[in-house]
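Fold and geometry: a report
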Amino acid sequence: MTAYSVTRLTWRAPALAAGLCVAATAAAMAQQGGEARPSAVATLVIWMPFILEGFVLNLVMSVLAMAIATVTGVILGFMQISPSRIVRVPAKLITHLFRNSPWLVILFAIMFLIPFQIRLPGGDTVMIPDWVKATIGFALPVMANISEILRGAVASIPSGQWESAESLAFTRIQTLRYVILPQCIRRMMPPWMNWYALLTLMTPMAAILGVNEALGNTQAAMEAAGARPELLIPFYLFLMTIFFVFIYPISLYTRRLERRFATGS
Amino acid sequence: MTPSENWTPDQPIVALRDVHKSFGTFEVLKGIDLTVMKGEVVCIIGPSGSGKSTLIRTINGLTPVTRGSVQVEGQEVHDGNLDKLALRRKVGIVFQQYNLFPHRTVLQNVMMAPLLVLRENRKEVEARARELLAKVQLHGKENAYPAELSGGQQQRVAIARSLCMRPDVMLFDEVTAALDPETVGEVLLTIKQLAADGMTCILVTHEMGFAREISDRVYFTDAGRICESGPPASLFDNPQDPRTQEFLSKVL
Amino acid sequence: MLDLIAPYFERLYDTTGLNFSPFYDSYDWSRLLEGMLVSVKLIAAIVAVSLVIGVIGAGAQTSRLRPVRWCVAAYIEIFRNTPPIVQLLFFYFGLGAITPQVDMGGWYEPMIGSFGWAVIAIGIFGGSYNVEIFRSGVEAVPTATTEAAESLGFSNFKIFVYITLPLAFRFCLPALTNNIVSLAKTASLAYVIAVPEITYSLSGIWSDNVNVPEMMLLLFTYYIVLVAIIAKAMALLERKLALPGYGQ
């Protein structure tokens, strides 16, 4: 059975994706006929730098959101396993809320509920750009999931580890910091990377809120090029390809890690 | 599988001739000859990895042979035209790990094959299944699920499951190896009763005392070959082959 | 129903300024109900499509024909490694532009509407996860168990139907639950192609009434309850199918 594993066929999937891309653009070109306007592909080539520029913002948002999510998620995760009810219960509620709500809904909530500018104590006002708000919106669901992953990882550490650390007079914080967390990190790596990939794939949703990232720029480019229907397939395929090229290696590496952790030691 | 026209009950019911089996470049069986008469009880003993399990699995066609002939009631087992269903009806097998169907109750496990494969009448099958379960001392466990039973109980269900197909030959592949010591006895007792009823049995086993007590003939295998065979008394008390001697000195 | 709660929510609005307009305004009430109905229908259709694709894909993965296996592998990789929102737009705008129009007697309507495209696109996206889930379920069925069936004379088809499938389904239930919950949430993406599901209808309400926080609260509550119901239903199913004494 395992002989049919998808992961062994690694190079074939991108090859097929590329093939699909070429076929679709060819179809779009054929539709074009003999008109004088530049072909869909030629139009796409003109607009590629603009779309890629937008993609840089997707990457920036994904990295920032992941950083925020990791820090807050780990804190929230530790709060979830706190012996104190006052700490534990709110942490569980927050985790539950953001794990079970759609990305889009969280994004809307952040967009509408955070003011577009804040007043600093000195009296100056600072504008919060939409892409920063979107970044926070993307960080929240990932934060909740990292919190849950951490809780699960800590729970999977045998209780003997806690007992032996306690017998060595470690405090709870010390035990977590020096004994438990190091053992969790290895276990958390693959899901953490999975969530980074998923987060990056969600960043184009920012376009709904008017952020000029890759999807927003793609739509703007098509508009600027005359909103011709034959542009739709090549432009969207190109956009999917950019993401695929970035995410696929991450997926492959994650899967390799997962396999190594599953079989090794 | 109707017996071959040439076969008569006074001929071997199971006959292996020069059976070879390789997994890749590794040759597990290097020319096995073995014959079993109807009603005979045969034990195959030998060190781990000597190919005993592979040998027994060739008899009902679970493991295809590389070369040589395996015949059951005069019919060639490893023949593309063989009716596998008929073969499996004739030859039952019980595994080391019981391999019961975890999603079916004990009674359903026993009834499944006659109902689905042989399409027999449900009432008759159920009556037979209940009778068999009583015979293996599992009366009252009909509606339990396999995972609720002890290893020895599960193994007896597995025996009943095979018997419900009314086989002519029963194969036992180290059926007590995975059991807790205290449940080994009940399974061996079941097999002993079966042998006493005249069932043809071929067993791979590590239970030397049992092999000696129950067998009509014992085969000793090592490294894919049969080194020695004979009635249990002579093989156990007076082994001729040095490898048999060495093995018996370790396990007895 | 609305008559019963309307006075309370009207008073709430007057006294505190909390404007839960769907709970006293009959137009907003109907928009809310419609949004919930469409949302549930959408999720059900998406889950159904994704399950069918999952079973077919898992079957195709065991095909003896290499090209078939490659296609399944490529399908999984493409849909799991590109943004679902772009997939949806690609289907709706890209493929929608080249699907034939149906003559409705005077005007033309696309053969597949936005609801249809949302079901297709998100269903295909979810299916790419289900293929893997079902495959790992099938792989978790011990060969020894299927071998036992084989030695009892079961044909390959009967082994699959009576042994492999019932066991594999049980093994993959936890992962399946996760994916169904995640699909229920992903269904909200249909908002971007204007499918009038809950997010879309509530956004209509909050732009008319400027009551974003209240409607957000409603939206979060809807999803928390929905996810809880799905999780509960799946847990019940899991308990119903649990094998006594197995895996403890």
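Conventions used here
- Residues numbered from 1 in each chain as written.
- Chains lettered and ligands numbered in written order.
- Predicted model: local features only at pLDDT ≥ 70, side-chain atom pairs only at ≥ 80, totals over all residues.
- Heavy atoms only, no water.
- UniProt positions renumbered as here; feature names shortened; annotations may be inferred.
- Helix = DSSP H or I, 4+ residues; strand = E, 2+ residues; numbered from the N terminus.
- Rg over C-alpha atoms; globule rule 2.2 N^0.38 Å.
- Buried < 20%, exposed > 50% of the residue type's maximum accessible area, 1.4 Å probe, protein only.
- Contact = heavy atoms within 4.5 Å.
- Areas by Shrake-Rupley, 256 points an atom, 1.4 Å probe, with all protein chains shown as cover.
- Buried area = accessible area lost by both parts, 1.4 Å probe.
- Salt bridge = Lys/Arg side-chain N within 4 Å of Asp/Glu carboxyl O.
- Nonpolar A, V, L, I, M, F, W, Y, C, P; charged D, E, K, R; others polar.
- Phe/Tyr/Trp six-rings, centres within 6.5 Å; stacked < 30°, edge-to-face > 60°.
- Lys NZ or Arg CZ within 6 Å of the ring centre and 35° of its normal.
- Arc of directions from axis to C-beta.
- Polar contact = N/O pair within 3.5 Å; in protein donor to acceptor, adjacent residues only side chain to side chain.

Per an unreviewed UniProt entry, chain C goes by the name Amino acid ABC transporter membrane protein 1, PAAT family and belongs to Roseovarius pacificus. Regarding chain C, the relevant UniProt record gives this comment under Sequence similarities (unreviewed entry): "Belongs to the binding-protein-dependent transport system permease family. HisMQ subfamily." In its Function (unreviewed entry) section, the UniProt record describing chain C reads: "Part of the binding-protein-dependent transport system for glutamine; probably responsible for the translocation of the substrate across the membrane."

You'll find chain B entered in an unreviewed UniProt entry as Amino acid ABC transporter ATP-binding protein, PAAT family, with Roseovarius pacificus given as the organism. Looking at the Subcellular location (unreviewed entry) heading of the UniProt record, one finds this comment for chain B: "Cell membrane". Entered under Sequence similarities (unreviewed entry) in the UniProt record, the comment concerning chain B runs "Belongs to the ABC transporter superfamily."

Examining the overall build of chain C
The secondary structure content of chain C amounts to 9 helices and 2 strands. At 23 Å, chain C has a C-alpha radius of gyration far larger than the 18 Å of a compact globule built from 248 residues. Its C-alpha atoms give chain C principal-axis dimensions of about 75 × 50 × 35 Å. Buried positions account for 52% of the 248 residues belonging to chain C. Partitioning the contacts of chain C with sequence separation of at least 6, the portion at a separation of at least 24 is 70%. Accessible surface for chain C amounts to roughly 11,300 Å². Of this, 67% is attributable to carbon and sulfur atoms.

Concerning the interface of chain B and chain C
The interface is formed by 25 residues belonging to chain B together with 20 residues belonging to chain C. Summing the contributions of chain B and of chain C, the shared interface buries around 2,000 Å²; its carbon and sulfur component is 69%. Taken together, the connections running from chain B to chain C amount to 2 salt bridges. For the side of chain B that touches chain C, the secondary-structure elements that each account for two or more residues are α2 (84–90), β6 (91–94), α3 (106–116) and α5 (151–163) of chain B. A per-element tally of the side of chain B that touches chain C places α3 of chain B first, with 3 residues. Among the residues making up the side of chain B that touches chain C, the classes are represented as 15 nonpolar, 4 polar and 6 charged.

Side note on the UniProt feature "domain: ABC transporter" (unreviewed entry) in chain B
Within this structure's numbering, the places UniProt gives as "domain: ABC transporter" (unreviewed entry) are residues 14–248 of chain B. In residues 14–248 of chain B, the share of helix is 38% and the share of strand is 26%. The end C-alpha atoms are 27 Å apart.

Re the packing of aromatic side chains
Within this structure, the stated rule accounts for 26 aromatic pairs over all chains. Where F55 of chain A meets F246 of chain A, the ring centres are 6.0 Å apart and the plane angle is 80°; that geometry is what we call edge-to-face. With a gap of 191 residues between them, F55 of chain A in helix α2 (residues 40–80) and F246 of chain A in helix α9 (residues 232–263) connect regions that are remote in the sequence. By relative accessible area, which is 8% here, F55 of chain A ends up buried. For F246 of chain A, a relative accessible area of 26% puts it in the partly exposed group. Chaining the aromatic ring pairs together yields one cluster made of F108 and F112 of chain A together with Y191, Y200 and W206 of chain C. Directly above the ring of Y178 of chain A sits R177 of chain A, whose terminal nitrogen or CZ lies 4.8 Å from the centroid.

A closer look at helix α9 (residues 242–251) of chain B
Residue and element names in this part refer to chain B. Within the sequence span of α9, burial applies to T244, F247 and L248. For α9, the angular spread of the buried residues around the axis is 95°, confining them to a single face. Opposite the buried face of α9, at more than 90 degrees from it, the exposed residues are P242, S249 and K250. Here the buried face of α9 lies against β3 (41–45), α7 (208–214), β9 (217–222), β10 (225–230) and α8 (232–237). A distance of 2.8 Å separates the backbone nitrogen of R243 from a side-chain oxygen at the start of α9, and that oxygen is part of D241.

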